[in-house]
Amino acid sequence: MRLLARHAIQALLRQENGELLGGGAGVRRKATTGYPNLATARAQPAHLDLEKPMQQVDQRKVGTNSTHKPYNSHSLKLSQNSPLVDTFGRHHTYLRISLTERCNLRCDYCMPAEGVPLQPKANLLTTEEILKLARIFVEQGVRKIRLTGGEPTVRRDIVEMVAQMKALPQLEHVGITTNGLVLTRLLLPLQRAGLDSLNISLDTLKRERFEKITRRKGWERVIAGIDLAVQLGYRPKVNCVLMRDFNEDEICDFVEFTRDRPVDVRFIEYMPFSGNKWHTERLISYKDTVNIIRKRYPEFEALPNGPNDTSKAYAVPGFKGQVGFITSMTEHFCGTCNRLRLTADGNIKVCLFGNKEFSLRDAMRREDVTEEQLVDFIGAAVQRKKRQHAGAAPYHPHFLLHPPAIHPARLQLQQLRSCSHLTHVNAQGKAQMVDVGAKPSTTRLARAEATVQVGEHLTQLIAANELAKGDVLTVAQLAGIMGAKRTSELIPLCHNISLSSVKVQATLLRDTHSVRLEASVRCSGQTGVEMEALTAVSIAALTVYDMCKAVSHDICITNIRLLSKSGGKRDFRREEQEID
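One structure accompanies this document, and this report is about it. (Residues numbered from 1 in each chain as written. Predicted model: local features only at pLDDT ≥ 70, side-chain atom pairs only at ≥ 80, totals over all residues. Heavy atoms only, no water.)

**Considerations on the pairing of strand β6 (residues 264–269)**
Line of reasoning, step 1. Counting buried positions along β6 gives five out of six residues, so the element sits mostly inside the fold.
Line of reasoning, step 2. Note that strand β5 (residues 237–242) and β6 share six bridges and pair parallel. Note on β6: the bridge partner recorded for K237 is D264.
Line of reasoning, step 3. The parallel pair β5 and β6 is bridged by helix α8 (residues 251–257), and the resulting crossover is right-handed.
Line of reasoning, step 4. Pairing of β6 with strand β11 (residues 322–326) involves five bridges; the strand directions are parallel. Each bridged residue has a counterpart across the sheet, and for R266 the counterpart in β11 is G324. (Buried < 20%, exposed > 50% of the residue type's maximum accessible area, 1.4 Å probe, protein only. Helix = DSSP H or I, 4+ residues; strand = E, 2+ residues; numbered from the N terminus. Pairing = 2+ DSSP bridges. Right-handed = clockwise from strand over helix to strand, strands pointing away.)

So, in structure tokens, the structure goes:
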């Protein structure tokens, strides 16, 4: 394998005189980007003695003579007013960006053999949008970006994107997570572009098992890519998902893999809920894994960890590499989490295990949304991050085999199971707009009401039209009409409907010291207008409050409700006594 890696290096270095960056068969060049200048200014080709192995640095001691220095996420403290600080004081300086949904493997625990449905290209972020969002996040305090997928190396512009991100002045670290299939071809260009680190996903050290898991050939290329990374001065992380009756027999083989290679093998606990089924019997806990290793390597010892490390570090004394454990199930690290995620379709995801996503793509593509508003949107998403994820629960074998009904992860599972029955959620649990194309076009009518309790003094002022801001009832009527027409902009999954009539009536009720608002909305179309009617009275009620708040804040908006709807599949009419 090391000979194969050495041949790969030689082949790459033979193109040293400009072939790689000058439009040859290596990296495609775009004349308008200025990428070659960025790349060559960032990293010089490694000078390798191909006749003998490179001298390696023990980075467990954090040496200073390594080209690729570990990123220190604890070195930056954001202001508490930063949009990247959540309500629990966690500083989010690490952004993971998914560049694509595509992958060139078909791992059996990840997707079916035929692959998964992909979104239309228009739904995905463009290169320019990815780079813009990366810049915005860096300006707010992100100092480390990791590029993921799918498989990020299937993108033709991956090298250029790394170079463009490395050109961001405040960004300290750019890494990549890859399956390693094409590293022997891409790693040297990526290093020149400034790539700081790489994680390689590899669940087995056996060729036949690799082909069974991934349904593809290429094990030798992955191993050669790891060795090439070592030769180029990297200390690659090798991520292995451990599963019982799957690859647990290779635990010690992976430890042995670190004997002569300065790599960081990281065992990742298998998530027990997937595919709408519990698979707790396949979970191998971190402590069980340590016990297995110590039976063969009694001197296996723990190493110091950084404040934001997700991996618990261990090593066998004398081995060049080390072993880590990512204990997302049995010993969660939510309290020190500093990570945010950006999906390929532009959603910000504040927790890997959370089901809430917020579309930055949609906001960014609107001409009326400024960068400042985009930052506010990011901050609002971060503020909604929970203390810990749904799967974060103490580990106990009996607990995992017989989870109680109130277990948070089980609640999440039940939510996932119900996704297929929700009209506004697709099979993957993501929000979607209902397709009304097959519905008949009919005349739709909806009525709604709201009440604003304003008190005796404000009632007198409204009646005499003596409020400083003007005619409360007339302005509220106008605001309600405008609100109805912009319902689809205010409520994300509402259709943009062409309304034929919007009427809002504002009536001052002196005996109850209140303003009664009623809206009637009509259209000819394939979906109802109850949301438009409810929006109309809600906006009108808020307008009454806004017009009167200078006099008193003791104002109560109440009784917002639908009175009737007709013209659709399910008509509705509230009883008269309820209305009275």
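What follows picks up the thread again.
**Some details on helix α7 (residues 219–231)**
Line of reasoning, step 1. Along its 13 residues, α7 runs 19 Å from first to last C-alpha, staying within 8% of the 18 Å computed at 1.5 Å per residue.
Line of reasoning, step 2. Of all 13 residues making up α7, 11 are buried, and the element is well covered by its neighbours.
Line of reasoning, step 3. Along α7, the residues classified as buried are W219, V222, I223, A224, G225, I226, D227, L228, A229, V230 and Q231.
Line of reasoning, step 4. Downstream of α7 by a residue or two, G233 has a phi angle that is positive, lying close to 100°. (Expected span 1.5 Å × (residues − 1).)

**Overview of the sheet that holds β11**
The strands making up a sheet are joined through hydrogen bonds of the backbone, oriented either antiparallel or parallel.
Line of reasoning, step 1. Ordered in space as β9-β10-β11-β6-β5-β4-β3-β2-β1-β12-β13-β14, the 12 strands form an open sheet in which the pairing is mixed. The two strands at the open ends of the sheet, each matched to only one other strand, are β9 (301–302) and β14 (358–359).
Line of reasoning, step 2. Sheet analysis places strand β4 (residues 197–201) next to β5, joined by three bridges and oriented parallel. Across the sheet, residue I200 finds its bridge partner in β5, namely V238.

**Some points on the packing of aromatic side chains**
Line of reasoning, step 1. Across all of its chains, the model carries eight aromatic pairs by this definition.
Line of reasoning, step 2. Aromatic pair Y286 and F325: ring centres 5.3 Å apart, planes at 55°, arrangement tilted. Of this pair, Y286 sits in helix α9 (residues 286–296) while F325 sits in strand β11, and the two are 39 residues apart along the sequence.
Line of reasoning, step 3. Judged by its relative accessible area of 1%, F325 falls in the buried class.
Line of reasoning, step 4. Pairing F300 with F325 gives two aromatic rings, centres 6.4 Å apart and planes at 80°, and the pair type is edge-to-face. With a gap of 25 residues between them, F300 in the loop between α9 and β9 and F325 in strand β11 connect regions that are remote in the sequence.
Line of reasoning, step 5. One Lys or Arg, K144, reaches over the ring of Y94 and ends 4.5 Å from the middle of that ring.
Line of reasoning, step 6. The cationic tip of K312 hangs over the ring face of Y286; the distance from NZ or CZ to the ring centre is 5.6 Å. (Phe/Tyr/Trp six-rings, centres within 6.5 Å; stacked < 30°, edge-to-face > 60°. Lys NZ or Arg CZ within 6 Å of the ring centre and 35° of its normal.)

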